[in-house]
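Structure at a glance
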Amino acid sequence: QGPSIPESQSSLDLQEILGNLSYEGTEDINDNVTFLDYDAAPCHNHYCPLFQRVAPPFLAVTCAVAALGTGALLVALAKRPQAWEWPQSRALVAQLALGMGLFAVLLPAVAAGVGQGWHLGTGWCRLTHLLWHWSLFAQALLVGSGSCGSAWAHWDPRSRRLAVALWAGALLLATPAAQASGTVSGTGCVRRSVAILSPAYLLHLATCLGLLLLLPLGLLVATLAVPGLRASWQGGGGASWLFFGLWAPYGVGLAVEFLLHTRLLEPTCGTFERFDHVLGLSEGLGVLHCSLGPPVLLLTRFC
């Protein structure tokens, strides 16, 4: 909570469900008060201490629930393969389970890094962000492709080629996230260790907004306009849209964060004090997809 972090290191990420939003100004360290140059009144931001207390147990519980749910989903896929038909086909749900499992397996390291400081170095920090966003983007593409037709109805050469292309594309899209991330003083693994207008971060931001906001919006419009796409919702295909519902608020938060840091939206003292909490909650909501997704898919199919 000490001195304000420079702008190039001002946002902590999923490792910290979001970092401190800071602006130029001076700070009285003894009183823990930041005096901002755009406001004569002192502004207090208590997000970091709250985050360091809440995030590790939250991530640990989420990981445990996700492990149980994903395990049950995989057992159901193996024991009753005939039950998984389009639009919740076995080929699609198995890949969604893989994506949620990959996301959840990173949570213990993230929780330990938040609670004890990140001591694994920049390389492991970037690898964590690469795998984290790879799983997110792959799931977004899976849900999107599953909503546009019956490509996943059967596990055949066509669907296998699509799976390879989708996972390879998601990995490529996650690369800017790794390049933009880094460590702060060797103890914090942050989402953005580069300038907010750097090419790597702009590519990452564009990918997040495209997959978490524009893709579901386009699919929603298409589903309402095309009767054939509405059939998948009637068959329970809408259950996988839980992913978009949980991550869309975070996408909006990233867009607002960009506008604030580029001064396209003028920050205020209230923004400084509250925005981290709002964005942190939205990211925490997205993290829940790995624990809520498996039971929702199971209940939709078997109930």
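Residues numbered from 1 in each chain as written. Predicted model: local features only at pLDDT ≥ 70, side-chain atom pairs only at ≥ 80, totals over all residues. Heavy atoms only, no water.

Re empty space enclosed by the protein
The final tally for this structure, using the stated rule, is three cavities of 30 Å³ or more. Counted as a void, the largest cavity has a volume near 110 Å³. Around the largest cavity, the lining residues are Leu96, Met100, Gln139, Val143, Ala239, Ser240, Leu242, Phe243, His289, Gly293 and Leu297. Residue assignment for the lining of the largest cavity shows that the elements contributing at least two residues are helix H2 (90–105), helix H4 (121–147), helix H8 (242–261) and helix H10 (289–302). Per-element accounting of the lining of the largest cavity gives the leading share, three residues, to H10. Per-class residue counts for the lining of the largest cavity are seven nonpolar, four polar and no charged. (1 Å grid on protein atoms, 1.4 Å probe; cavity = no way out; pocket = protein on both sides within 12 Å on 5 of 7 lines; lining within 4 Å. Points joined across faces, edges and corners; volume = space filled by probe spheres on them. Helix = DSSP H or I, 4+ residues; strand = E, 2+ residues; numbered from the N terminus. Nonpolar A, V, L, I, M, F, W, Y, C, P; charged D, E, K, R; others polar.)

Description of a nonpolar patch on the surface
Taken together, Leu120, Trp124 and Leu127 make up a surface patch of nonpolar side chains, about 320 Å² in accessible area. Structurally, leucine 127 is set in helix H4. Residue classification places leucine 127 among the partly exposed residues on the basis of a relative accessible area of 34%. (Patch = residues over 30% accessible without salt bridge, like charges linked within 9 Å, V, L, I, M, F, W, Y side chains within 5 Å. Areas by Shrake-Rupley, 256 points an atom, 1.4 Å probe, with all protein chains shown as cover. Salt bridge = Lys/Arg side-chain N within 4 Å of Asp/Glu carboxyl O. Buried < 20%, exposed > 50% of the residue type's maximum accessible area, 1.4 Å probe, protein only.)

Quick notes on the UniProt feature "transmembrane region" (unreviewed entry) in the protein chain
According to UniProt, the "transmembrane region" (unreviewed entry) feature falls on residues 58–78, 90–111, 131–155, 201–226 and 238–260. Across residues 58–78, the secondary structure splits into 100% helix and 0% strand, with the terminal C-alpha atoms separated by 30 Å. This span, residues 131–155, is 68% helix and 0% strand, and a straight line between its end C-alpha atoms measures 25 Å. (UniProt positions renumbered as here; feature names shortened; annotations may be inferred.)

Observations concerning the packing of helix H1 (residues 47–79) against H2
Where H1 contacts H2, the two axes come as close as 10 Å, and the packing angle between them is 155°. Between H1 and H2, the crossing angle belongs to the class labelled roughly antiparallel. Like other packed secondary-structure pairs, H1 and H2 cross with a definite hand, here left-handed. Residues Cys63, Ala66, Thr70, Leu73, Leu74, Leu77 and Ala78 of H1 form the contact with H2, whose participating residues are Arg90, Val93, Ala94, Ala97, Met100 and Ala104. Across the contact of H1 with H2, the residue classes break down as 11 nonpolar, one polar and one charged. (Axes fitted to C-alpha atoms, helices over the stretch in contact; angles between N-to-C directions. Parallel < 35°, antiparallel > 145°, perpendicular 65-115°, else oblique. Left-handed = near helix turned anticlockwise from the far one by under 90°. Contact = heavy atoms within 4.5 Å.)

Section: the environment of arginine 126
Mapped onto the fold, arginine 126 is located in helix H4. The class of arginine 126 is partly exposed, set by a relative accessible area of 36%. Looking at arginine 126, its side chain comes within polar contact range of the main-chain oxygen of serine 181, at 3.1 Å. (Polar contact = N/O pair within 3.5 Å; in protein donor to acceptor, adjacent residues only side chain to side chain.)

Observations regarding the packing of H4 against H8
It is at 10 Å that the axes of H4 and H8 come closest, and there the two elements cross at 130°. As summarised for this structure, H4 and H8 are arranged oblique, according to the angle between their axes. For H4 against H8, the interelement crossing comes out left-handed. For the pair H4 and H8, contact is made by Leu136, Gln139, Ala140, Val143 and Gly144 and by Phe243, Phe244 and Trp247, respectively. The residue makeup of the contact of H4 with H8, split by class, is six nonpolar, two polar and no charged.

Observations concerning H8
Between its terminal C-alpha atoms H8 stretches 30 Å, which fits the 28 Å expected from 20 residues at 1.5 Å a residue. Helix geometry: H8 is bent most strongly at alanine 248, by close to 35°, with proline proline 249 lying one to four residues after it. Contacts from the buried residues of H8 go to H2, H4, helix H6 (199–225), helix H9 (269–287) and H10. Following H8 by one or two positions, arginine 263 adopts a phi angle in the positive range, close to 65°. (Expected span 1.5 Å × (residues − 1). Bend = angle between axes of the 7 residues up to and from the residue.)

Remarks on the packing of aromatic side chains
Following the criterion strictly, the structure yields eight aromatic pairs and no others. With a centroid separation of 6.2 Å and 75° between ring planes, the pair formed by phenylalanine 103 and tryptophan 247 is classed as edge-to-face. A residue pair is termed long-range when its members are at least 10 positions apart, and phenylalanine 103 in helix H2 and tryptophan 247 in helix H8 qualify at 144 residues. According to the relative accessible area criterion, phenylalanine 103 is buried, its value standing at 0%. On the basis of an interplanar angle of 70° and a centroid distance of 5.6 Å, the ring pair of phenylalanine 243 and phenylalanine 244 is categorised as edge-to-face. (Phe/Tyr/Trp six-rings, centres within 6.5 Å; stacked < 30°, edge-to-face > 60°.)

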